[in-house]
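Commentary on secondary and tertiary structure
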Amino acid sequence: MGTNATNTQQVTFIDAEIPHAGKLQKVATGIYWLRMPLPFDLDHINLYLLEDNQNGQEGYALIDTGFGSEKTQLLWEQLLEVLAKPITKVIVTHLHPDHIGMAGYLVDKFRAPLYMSQTEYFTARALSAGACGASDWQDEQYLVRCGLSEEYVQTARNKRKQNSGMGQAIRPIPLQFYRLQEGDKIRIGGRDWQVYIGRGHSPEHVCLFNNESNILISGDHILPGITPNIGVYSTEPDANSLQLYLDTLPQFTGLPENTLVLPAHRQPFYGLHVRINELIGHHHEHLDNLRDFCKSGKTIEQCLPVLFKRKLSPQNMFFAVAEAYSHLNYLYFAGECSRKINAQGHFVFTLE
Ligand SMILES: [Zn+2]
């Protein structure tokens with residue numbers, strides 16, 4: 001399985017077959033890689049099962065759960081039949097639907113404890129509950145501030161009317177959780193896993209590191225090949241997500257260079273330090289290009305081609321705008337540019 005691969009000058013994927021949807025692939029002693037499908041451009045998520053012993057009962061602790069869909073549930077049902085052991089713990093790295101989607105189903109089925117950070121747990125409960133009758137002018141104002149076309153804003157308005165929000169992609173979230181905090185240790189099987197918190201992609205994202213095997217479960221905080229979405233959304237328009245992300249990446253360079261990283265997308269890899277430096281470099285390159293571009297004032301929407309070379313679908317547009325917003329807010333809060341509202345209600349960022 002290439003566990004001796006220590007060429008850390010570059011990111012190297014482990015030499016293991018990518019498992020078919022719903023099938024297990026061993027990646028280390030007592031650790032299995034499981035893939036589930038996603039209905040997006042990014043068409044899969046990696047989950048991990050860790051051999052566990054809970055109150056004398058053998059089973060598996062599960063990291064992340066898959067998108068809350070019929071398709072995922074069917075794959076879970078098929079897998080659980082052959083697994084022959086129960087799920088002992090359900091650990092969710094963060095609140096996004098592909099990670100928390102099936103948590104409720106599995107927690108109920110096995111009466112297993114749910115482990116999450118506090119901010120992720122309560123934010124997931126809130127977002128899945130939807131607006132609960134609150135008015136949506138801030139959602140609309142956010143889109144206008146981004147400089148999106150009237151047509152886009154109108155389409156989004158129509159969609160909001162039909163849409164009950166994140167709850168559609170998530171099975172009801174259990175009413176109880178066990179809290180994971182920075183520096184905590186959680187024992188799984190014979191191993192202690194230390195909790196590291198990443199911010200920026202989501203508010204209090206849990207990563208787990210075991211220092212005997214040098215394995216890091218990185219969720220979406222550190223991904224190979226693709227960069228995690230770092231966005232500013234209408235719930236918190238003055239968030240400085242990129243600052244939070246760049247603040248919580250360097251801590252992982254303190255982990256050994258030959259750490260095996262188990263990410264939530266793409267493949268397990270070696271080259272943690274090099275990947276962290278690539279991620280930091282990627283955002284600084286975007287910031288440099290924006291500094292240049294915004295010498296004459298620009299809206300968030302006008303900055304998209306600086307960050308994204310490909311053509312954007314309407315759904316990708318939503319995340320792309322949020323990503324551009326986070327970079328421009330970073331420059332704004334660093335005092336590098338002004339942020340004014342023009343006659344159309346768009347934010348205009350101008351380098352000082
Ligand atoms: Zn995510």
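Report on the accompanying structure. Please read all numbers here as calculations on a predicted model, not as lab measurements.

1. Description of the coordination of the zinc ion
Distances from the zinc ion to its protein donors, H94 (NE2), H96 (ND1), H201 (NE2) and D220 (OD), fall within 2.1 to 2.2 Å. Note on H96: relative accessible area 22%, which makes it partly exposed.

2. With respect to the nonpolar core
Ranked by size, the top nonpolar core spans 48 residues in total, and within it L216, I222, F252, I300 and L304 carry the most contacts. Elements that contribute at least two residues to this core include exactly α5 (137–145), α6 (150–162), β11 (205–210), α7 (241–248), α8 (272–293), α9 (304–307), α10 (314–333) and β16 (347–351). In terms of residue count, α10 provides more of this core than any other element does, nine residues in total. Sequence-distant contacts of I300, defined by excluding residues within four places in its chain, comprise R145, C146, V321, A324, Y325, L328, F347 and F349.

3. With respect to the packing of α5 against α6
At a minimum axis distance of 10 Å, the contact between α5 and α6 shows a crossing angle of 155°. As summarised for this structure, α5 and α6 are arranged roughly antiparallel, according to the angle between their axes. Read as a crossing pair, α5 and α6 show a hand that is right-handed. On the side of α5, the interface is formed by D139, E140, L143 and V144, while α6 contributes Y152, V153, A156, R157 and R160. The residue inventory of the contact of α5 with α6, partitioned by class, reads five nonpolar, no polar and four charged.

4. Considering the pairing of strand β5 (residues 57–63)
With five of seven residues buried, β5 lies mostly within the body of the structure. Pairing of strand β4 (residues 44–54) with β5 involves seven bridges; the strand directions are antiparallel. Directly across from E51, in β5, lies its bridge partner Y60. Where β4 folds back onto β5 in an antiparallel hairpin, the turn is made up of two residues, including N55, whose phi is positive at roughly 50°. As paired elements, β5 and strand β6 (residues 87–91) share four bridges and run parallel to each other. Its bridge partner lying in β6, I63 is registered against I91.

5. Regarding α7
What α7 keeps buried is the set S241, L242, Y245, L246 and T248. Summarising the contacts, the buried residues of α7 are in contact with β10 (191–198), α8 and α10.

6. Examining the packing of α7 against α10
For any two helices packed against each other, one specifies the crossing angle of their axes together with the interaxial distance. The interhelical angle for the contact between α7 and α10, taken along N-to-C directions, is 85°, at an axis separation of 7 Å. With respect to α10, the axis of α7 lies roughly perpendicular. Between α7, through S241, L242, Q243 and L246, and α10, the contact on the second element is made entirely by S326, H327 and Y330. For the contact of α7 with α10, a count of residues per class yields three nonpolar, four polar and no charged.

7. Concerning the pairing of strand β2 (residues 24–28)
Where β2 lies against strand β3 (residues 31–37), four bridges are found, and the strand directions are antiparallel. Within β3, the position partnered with K26 by the bridge is Y32. Count of turn residues in the β2/β3 antiparallel hairpin: two residues, of which G30 carries a positive phi of about 75°.

8. Quick look at the sheet that holds β5
Across the sheet, which stays open at both edges, the seven strands sit in the order β2-β3-β4-β5-β6-β7-β8 with mixed pairing between neighbours. Two strands lie at the open edges of the sheet, namely β2 and β8 (178–179), each paired on one side alone. In the packing of helix α1 (residues 70–83) onto the sheet, contacts are made with β2, β3, β4, β5 and β6, and the angle to β3 comes to roughly 150°.

9. A short note on the environment of G219
Checked against the element boundaries, G219 lands in strand β12 (residues 215–219). A relative accessible area of 2% places G219 in the buried class. Separated by 208 residues in sequence, G219 and V11 place their C-alpha atoms 17 Å apart. Apart from the residues within four sequence positions on either side, G219 is in contact with T93, H205, L262, P263 and A264.

10. What to know about the side chain of D98
Structurally, the position occupied by D98 is in helix α2 (residues 97–100). If sequence neighbours within four positions are ignored, D98 has contacts with L38, I45, T65, G66, F67 and H265.

11. Brief notes about the pattern of salt bridges
The tally for this structure, following the rule as stated, stands at eleven salt bridges. Ionic pairing is found between K89 and D52, a salt bridge with its closest N-O pair at 2.7 Å. Linking K89 in strand β6 with D52 in strand β4, this pair joins segments that are 37 residues apart in sequence. D52 matches K89 in its accessibility class, with the two residues each being buried. A salt bridge links E140 to R160; its shortest N-O distance comes to 3.1 Å. Of this pair, E140 sits in helix α5 while R160 sits in helix α6, placing them 20 residues apart in sequence.

Rules and cut-offs
- Residues numbered from 1 in each chain as written.
- Predicted model: local features only at pLDDT ≥ 70, side-chain atom pairs only at ≥ 80, totals over all residues.
- Heavy atoms only, no water.
- Donors = N, O, S within 2.8 Å, 3.2 Å for Na, K, Ca; no water.
- Buried < 20%, exposed > 50% of the residue type's maximum accessible area, 1.4 Å probe, protein only.
- Core = buried A, V, L, I, M, F, W, Y, C linked by side-chain atoms within 4.5 Å.
- Helix = DSSP H or I, 4+ residues; strand = E, 2+ residues; numbered from the N terminus.
- Contact = heavy atoms within 4.5 Å.
- Axes fitted to C-alpha atoms, helices over the stretch in contact; angles between N-to-C directions.
- Parallel < 35°, antiparallel > 145°, perpendicular 65-115°, else oblique.
- Left-handed = near helix turned anticlockwise from the far one by under 90°.
- Nonpolar A, V, L, I, M, F, W, Y, C, P; charged D, E, K, R; others polar.
- Pairing = 2+ DSSP bridges.
- Salt bridge = Lys/Arg side-chain N within 4 Å of Asp/Glu carboxyl O.

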